[in-house]
Amino acid sequence: MIENRPVFTFFAHAVLLVGLAIVIFPIYLAFVASTQDSSTFLGGVVPLLPSSHMLETYGRILGSGFGSIPVWRMIANSMVMALGIAIGKIAISIISAFAIVYFRFPFRTLAFWLIFITLMLPVEVRILPTYSVAAGLDLLNTYQGLILPVIASATATFLFRQFFMTIPDELLEAALLDRASPMQFFKDIMLPLSRTNIAALFVILFIYGWNQYLWPLIITTDQNMTTIVVGIKQMVNVADGDPQWQLVMGTAILAMVPPVLVVLFFQRWFIKGLTEPEK
Amino acid sequence: MQTKRVTFSHRWLPYLLIAPQLAITIVFFIWPAGEALYQSVLQQGAFGLTTQFVGLENFRDLFSDPDYLHSFTITIVFAVSTTAAAMISALLFAGMADYVMRANAFYRTTLIAPYAVAPAIAGVLWWFLFNPSIGIIAYVLHQLGYNWNHLVNGGQALLLVIIAAAWKQISYNFIFFLAGMQAIPRSLIEAAAIDGSGPMKRFFTIVFPLLAPTTFFLLVVNIVYSFFETFAIIDATTQGGPGDATEILVYKVWHDAFIALDLGGSAAQSVVLMAIVIGLTVIQFRYIERRVEY
């Protein structure tokens with residue numbers, strides 16, 4: 001702090017506490033709701049303090065589920081999809097960025113533009129044709145179908161390319177003098193240098209994958225393939241009467257836990273990964 | 001395109017390395033995008049058995065369709081409000097966190113949590129808080145004499161999805177604003193303080209102008225977010241309703257394709273959306289190239 005201004009400092013903390021309240025309150029109340037008995041919601045407004053039915057709710061959600069499939073199965077589906085998207089995208093991006101930066105070959109510029117045209121076009125805007133392509137390839141209700149179309153974007157390739165451009169040429173010259181093969185150079189020099197970038201991208205892509213909604217919604221019709229983020233909607237929009245709020249909110253909490261933990265644990269890498277490639 | 005001074009030479013290895021990404025891009029991107037362009041100039045017969053070339057008629061229909069224009073207006077209101085709410089509050093929180101410094105890490109850790117929350121979940125959380133019969137906020141509003149029911153009131157439904165969408169986006173903006181502020185040389189701020197300007201004055205005359213590149217970057221990102229990544233918020237809560245009060249463009253594309261089965265119209269909408277994203281991307285790229293350092 002630069003100067004001592006107790007009043008302004010107090011004001012600053014007050015504003016930040018309001019910010020914390022805005023962030024935490026919806027999550028806290030979801031947790032409180034998940035610990036209630038189903039009859040609580042008949043009697044009007046939700047209480048502000050947790051009740052004693054927490055184990056009951058989560059046991060029911062994870063064990064039998066309701067109507068469709070148990071929620072642990074949805075969590076497993078989400079996990080496969082998120083890991084598949086994160087690992088798959090990093091793997092294909094890092095090798096294609098390596099090819100684009102460290103080789104000169106015919107059609108290189110064409111390949112570059114074919115890939116980079118996808119940079120910001122989200123799956124939402126080409127949803128129906130992508131669906132018919134996936135259906136034509138027999139990918140409905142498969143993990144490949146959940147993962148592959150979402151990987152088709154150049155963001156990660158772009159970040160790796162930007163990073164590779166900053167690596168000094170002397171490293172490559174030294175490797176060439178030592179007669180290292182391209183793949184040896186990639187494995188012994190590029191991969192270790194990219195460790196932080198890979199970690200940061202992993203966090204960002206894991207969350208991106210976990211939180212996918214529209215694509216899983218249309219590509220999976222088999223209930224066994226439902227992901228947790230999509231599954232929760234089916235619980236809110238029940239056909240007859242009110243949803244079972246304690247189960248819905250418990251599931252919402254479970255859907256938030258993995259990505260929130262990933263962000264909090266890898267906070268430093270994640271922030272670096274987000275803000276620094278923006279050159 | 002920029003390249004390295006020295007490169008490897010190998011006849012087939014670079015093609016092998018680039019093949020997986022190229023294959024996925026062509027199959028799941030170039031092909032569907034081409035398909036959308038192609039479909040957008042076709043019209044299907046009444047039973048889907050015949051298709052004929054209709055040129056730009058789908059686009060003409062689109063822009064003379066009051067429902068589509070309504071959806072466009074809603075989207076703009078939604079995007080502008082979400083962007084403004086998420087950016088202004090994030091800027092305020094980042095400014096305060098940068099000022100207090102102590103407990104900075106604690107505030108930061110909490111404020112970035114919503115980044116990890118899926119848009120669909122964010123929608124459900126706020127949907128629950130505002131639920132007319134059991135939601136705590138609806139209850140408080142009712143006690144204050146304001147009748148909240150987003151199930152029948154379109155304006156309130158729109159406000160609800162704006163709140164949910166902005167809530168989720170505060171984290172992202174906060175991270176960038178804080179990083180931008182911490183990159184400003186301390187000596188500049190100290191010099192101003194010695195000259196007697198208080199925190200508010202320093203913010204408006206030094207910090208905010210220096211943040212211009214970050215602000216511009218975030219502006220584009222937030223607009224893209226509210227245009228395209230909020231489908232889940234709408235679908236998990238209002239589903240475009242009541243009526244079509246919250247039917248934003250991405251929701252309409254999906255609805256017309258998968259529920260109303262109007263392939264030509266939906267493809268034309270996809271093409272319009274693609275044009276919007278490409279436009280925003282070009283703006284973004286020009287910014288990245290010319291980013292001004294003060």
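None of the values given here were measured: they were computed from a predicted structure. (Residues numbered from 1 in each chain as written. Chains lettered and ligands numbered in written order. Predicted model: local features only at pLDDT ≥ 70, side-chain atom pairs only at ≥ 80, totals over all residues. Heavy atoms only, no water.)

Q: Looking at this model, I keep getting lost on the pattern of salt bridges. Mind explaining?
A: Pairs may arise between side chains of opposite charge once their charged atoms sit close together. Applying the stated criterion across every chain, the model contains two salt bridges over all chains. Two residues, D188(A) and K187(A), come together in a salt bridge whose shortest N-O distance is 3.4 Å. Residues K252(B) and D256(B) are paired through a salt bridge, measuring 3.5 Å at the closest nitrogen-oxygen approach. Taken as a pair, K252(B) and D256(B) lie in helix α12 (residues 249–259) at a separation of four residues, close to a single helical turn. In this structure K252(B) comes out as buried when scored by relative accessible area, which is 6%. (Salt bridge = Lys/Arg side-chain N within 4 Å of Asp/Glu carboxyl O. Helix = DSSP H or I, 4+ residues; strand = E, 2+ residues; numbered from the N terminus. Buried < 20%, exposed > 50% of the residue type's maximum accessible area, 1.4 Å probe, protein only.)

Q: How do you make sense of helix α5 (residues 119–129) of chain B when you look at a structure like this?
A: Note on helix geometry: an α-helix contains 3.6 residues per turn, so any two residues three or four positions apart are oriented the same way. Burial analysis of α5(B) places 11 of its 11 residues in the buried class, which makes it a mostly covered element. All of the buried residues along α5(B) are P119(B), A120(B), I121(B), A122(B), G123(B), V124(B), L125(B), W126(B), W127(B), F128(B) and L129(B). Considering only its buried residues, α5(B) is in contact with α1 (6–34), α12 (228–236) and α13 (245–265) of chain A together with α6 (136–143), α7 (154–182) and α11 (231–236) of chain B. (Contact = heavy atoms within 4.5 Å.)

Q: Explanation requested: the interface of chain A and chain B in the structure shown.
A: Many authors give the size of an interface as the accessible area that is lost as the parts come together. Listed by partner, the interface residues are 116 residues for chain A and 101 residues for chain B. Across the interface of chain A and chain B, roughly 10300 Å² is buried in total on both sides, 78% from carbon and sulfur atoms. Taken together, chain A and chain B are joined by zero salt bridges. Across the chain A-chain B interface, the total number found is 10 residue pairs in polar contact (both at pLDDT 80 or more). If you tally residues by element for the side of chain A that touches chain B, the top one is α1(A), at 19 residues. A breakdown of the residues in the side of chain A that touches chain B according to their chemical character gives 87 nonpolar, 16 polar and 13 charged. (Buried area = accessible area lost by both parts, 1.4 Å probe. Polar contact = N/O pair within 3.5 Å; in protein donor to acceptor, adjacent residues only side chain to side chain. Nonpolar A, V, L, I, M, F, W, Y, C, P; charged D, E, K, R; others polar.)

Q: What is the right way to read the UniProt feature "transmembrane region" (unreviewed entry) in chain B from this model?
A: Annotation from UniProt places "transmembrane region" (unreviewed entry) at residues 12–31, 68–93, 105–128, 203–228 and 267–288 of chain B. Along residues 203–228 of chain B one finds 96% helix and 0% strand; the C-alpha atoms at either end are 32 Å apart. (UniProt positions renumbered as here; feature names shortened; annotations may be inferred.)

Q: Would you explain the packing of helix α4 (residues 108–116) of chain A against helix α1 (residues 13–39) of chain B in this entry?
A: The description of two packed helices rests on the angle between their axes and on the distance between the axes. Axis separation between α4(A) and α1(B) bottoms out at 9 Å; the angle between their running directions is 50 degrees. In terms of their interaxial angle, α4(A) and α1(B) are classed as oblique. Here α4(A) runs over α1(B); the crossing is left-handed. Between α4(A) and α1(B), the contacting residues are A111(A), L114(A) and I115(A) on the first element and I18(B), Q21(B), L22(B), T25(B), I26(B) and I30(B) on the second. A class-by-class count of the residues in the contact of α4(A) with α1(B) yields seven nonpolar, two polar and no charged. (Axes fitted to C-alpha atoms, helices over the stretch in contact; angles between N-to-C directions. Parallel < 35°, antiparallel > 145°, perpendicular 65-115°, else oblique. Left-handed = near helix turned anticlockwise from the far one by under 90°.)

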